[in-house]
Amino acid sequence: MEYCTRLLYKDKMHPEIYNSNISMDEKLFFQNQLDKFGGDFDKLLEDIEKYAALSHVEDYETASKIRDYRIEIKAPLDN
């Protein structure tokens, strides 16, 4: 995607999504999902974590990474 097109999305996406190294299509998908959760990034991560741990998905490694990341980003708020 061209640089000028990426700039159009810079202020419209959550920084964690925009700065990730996934494709722009995936970024748009995740931003759309985030919008469905009212912009609550933790709720989006929780939903992805639950999906990854479903018995028909069984992506437990991803689920545990998301769980650990959610704990990590909540830790500074708890202090």
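Conventions and cut-offs
- Residues numbered from 1 in each chain as written.
- Predicted model: local features only at pLDDT ≥ 70, side-chain atom pairs only at ≥ 80, totals over all residues.
- Heavy atoms only, no water.
- Helix = DSSP H or I, 4+ residues; strand = E, 2+ residues; numbered from the N terminus.
- Buried < 20%, exposed > 50% of the residue type's maximum accessible area, 1.4 Å probe, protein only.
- Contact = heavy atoms within 4.5 Å.

A. Main features of the overall build of the protein chain. The helix and strand tally for the protein chain stands at five helices and zero strands. Reading the secondary structure of the protein chain in the N-to-C direction produces α-α-α-α-α. When each of the 79 residues of the protein chain is scored for burial, the buried share is 22%. For the protein chain, restricting intrachain contacts to residue pairs at least 6 apart in sequence, the fraction spanning at least 24 positions comes to 20%.

B. The arrangement of the side chain of Arg70 in detail. If you trace the backbone, Arg70 turns up in helix α5 (residues 60–78). Those residues in contact with Arg70 that sit more than four places away from it in its chain are Asp42, Leu45, Glu46 and Glu49.

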